[in-house]
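The lines below spell out each chain.
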Amino acid sequence: MATRYWVASLPVGQGGSASSVWSRLQESISKQAFDTSLYRFNIPNLRVGTLDLLLSLSDDLSKANNFIEGVSHKIRRQIEELERVSGVVSSSLTVDGVPVDSYLTRFVWDEAKYPTMSPLKEIVDGIHVHIAKIEDDLKVRVAEYSNVRSQLNAINRKQAGSLAVRDISNLVKPEDIVSSEHLTTLLAVVSKYSQKDWLSSYESLTSYVVPRSSKKLHEDNEYALYTVTLFSRDVDNFKTKARERNFQVRDFEYNPETQDSKKQELEKLMQDQETMRSSLLQWCYTSYGEVFSSWMHFCAVRVFSESILRYGLPPSFLSVVLSPPLKSEKKVRSILEGMCSSSNSTFWKTEDDGGMGGLAAGEADAHPYVSFTINLI
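Quick summary incoming for the structure in this document.

Reading the values: the criteria
- Residues numbered from 1 in each chain as written.
- Predicted model: local features only at pLDDT ≥ 70, side-chain atom pairs only at ≥ 80, totals over all residues.
- Heavy atoms only, no water.
- Phe/Tyr/Trp six-rings, centres within 6.5 Å; stacked < 30°, edge-to-face > 60°.
- Helix = DSSP H or I, 4+ residues; strand = E, 2+ residues; numbered from the N terminus.
- Buried < 20%, exposed > 50% of the residue type's maximum accessible area, 1.4 Å probe, protein only.
- Pairing = 2+ DSSP bridges.
- Axes fitted to C-alpha atoms, helices over the stretch in contact; angles between N-to-C directions.
- Disulfide = S-S within 2.5 Å.
- Contact = heavy atoms within 4.5 Å.
- Arc of directions from axis to C-beta.
- Salt bridge = Lys/Arg side-chain N within 4 Å of Asp/Glu carboxyl O.

**Points about the packing of aromatic side chains**
Ring pairs (aromatic) are described by centroid distance and by the angle formed between their planes.
Okay, so step 1: Throughout the structure, instances matching the rule amount to 13 aromatic pairs.
Okay, so step 2: Between the aromatic rings of Y103 and F292, the centroid separation amounts to 6.2 Å while the plane-to-plane angle is 70°, which identifies the pairing as edge-to-face. You can see Y103 sitting in helix α3 (residues 100-105) and its partner F292 sitting in helix α7 (residues 256-311), a full 189 residues away along the chain.
Okay, so step 3: According to the relative accessible area criterion, Y103 is buried, its value standing at 14%.
Okay, so step 4: We classify F292 as buried; its relative accessible area is 0%.

**Looking at the sheet that holds strand β1 (residues 4-11)**
Okay, so step 1: Spatially, the four strands line up as an open sheet ordered β2-β9-β1-β10, and their pairing is antiparallel. Edge strands, defined here as strands with exactly one partner in the open sheet, are β2 (37-40) and β10 (370-375). Each strand of the sheet is rotated relative to its neighbour by a mean of 25°, with strand direction disregarded.
Okay, so step 2: Across four bridges, the pairing between β2 and strand β9 (residues 317-323) is antiparallel.

**Some thoughts on the state of the cysteines**
The bond known as a disulfide is covalent and runs between the sulfur atoms of two cysteines.
Okay, so step 1: Taken as a whole, this structure holds zero disulfides when the rule is applied.
Okay, so step 2: Free cysteine C299: the closest other cysteine sulfur is in C340, separated by 20 Å.
Okay, so step 3: On the basis of relative accessibility, which here comes to 0%, the residue C299 falls in the buried class.

**A few points about the sheet that holds strand β8 (residues 248-250)**
Strand pairing in a sheet takes place through backbone hydrogen bonds and is either antiparallel or parallel in direction.
Okay, so step 1: Reading across from one edge, β6-β7-β5-β8 is the order of the four strands in this open sheet, with antiparallel pairing throughout. Each edge of the open sheet carries a strand with a single partner, namely β6 (215-219) and β8. Pairs of neighbouring strands in the sheet enclose a mean axial angle of 35°, with direction left out of account.
Okay, so step 2: Packing against the sheet, helix α6 (residues 235-244) makes contact with β5 (183-191), β7 (223-231) and β8, and its axis sits at approximately 145° to β7.

**Describing α6**
Okay, so step 1: Those residues of α6 that fall on the buried side of the exposure criterion are V235, F238 and A242. Axial view of α6: buried residues confined to an arc of 60°, hence all on one face. Exposed and oriented more than 90 degrees from the buried face of α6 are D236, R243 and E244.
Okay, so step 2: The positive-phi residue at the C-terminal boundary of α6 is N246, with phi of around 65°.

**Section: the pairing of β9**
Okay, so step 1: Extensive coverage of β9 is indicated by the burial of seven of its seven residues.
Okay, so step 2: Bridge count for β1 against β9 is six bridges, and the pairing is antiparallel. Along β9, the bridge assignment pairs A8 with V320.

**Some remarks on the pattern of salt bridges**
Okay, so step 1: Applying the stated criterion across every chain, the model contains 12 salt bridges.
Okay, so step 2: Note that E81 and R149 form a salt bridge whose closest N and O atoms lie 3.2 Å from each other. Pair noted here: E81 is in helix α2 (residues 51-86) and R149 is in helix α4 (residues 120-160), with a separation of 68 residues, a long-range link.
Okay, so step 3: Across the pair K121 and D125 runs a salt bridge whose closest N-O atoms are separated by 3.4 Å. Of the two residues, K121 and D125 are both situated in helix α4; the distance of four residues between them amounts to about one turn of the helix.

If you want it as structure tokens, here you go:
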């Protein structure tokens, strides 16, 4: 699939026809730039209105196109990110089941959605409002999904650090803890390389430690987590002595209800994240199709209005879609320019060449024909 297309229109001379211009263009492309794909871009007869209205509309078209194109790229990038995170094989984006490149190259105006008798400004404003609503919906949905991801990431960060700082509640089981009227269990974080020192000294740090009560619960790259049971009245003294030997006693109170609550919260967040990710991805697939369809109708209006301003009334032009490889772009430009009258070509030279430039605002180049680029990515 090509990712970059040109949409262009060529004037139909007096006494000529769009079909004859199409045949000449096909012949020239096949002879001089045969690696360039060429398609008709079928635009219906739209309601022209007044010249002032067309001029006013033309000023807004480039800016509006940038907005619509930007929204389509936002949704596409969101789809790519969601597919990557989900491990989903990237699928071809479609408009009502039709791949987007096929939708462009076989474009058919949707009369039911955009009546051709409606004023051009009304059509353009309607498209702009629709795309703006989709963009707002995207922001809300992405924010909701990001919020759940942030909560999960916060929990994972707490469980990803070293034993000196991470949440250790999920490492402790009920049978690891002794809690009675006189006895209590502490959790000590010991350097990985000081474990022998801990095992040989913890019983003698104070006088009220239960012999052989220490058990290793977990070990990471830096530390090991040990239990130790002692008389409750000796806790503060033991912490002081342990600190002097560079053993860290973690503040921890085992609460089965809290443990269950944390586990349930984590499971719910994981489930919510997966549900929202799937829902957002499906919404993006559908919305991308809607945005792309609206974008192509907008491009049709843009070609129509710019062609009227460029070639005059009544509407008499051929609109096409091309996808030239980079190496053939200069040749294709030359072919398109050759399809226009020599006087037009001279008048519409780029400003760098001393001409007056074109009506299609926002284009990098001015040509004697209407032309602008559609970037699918």
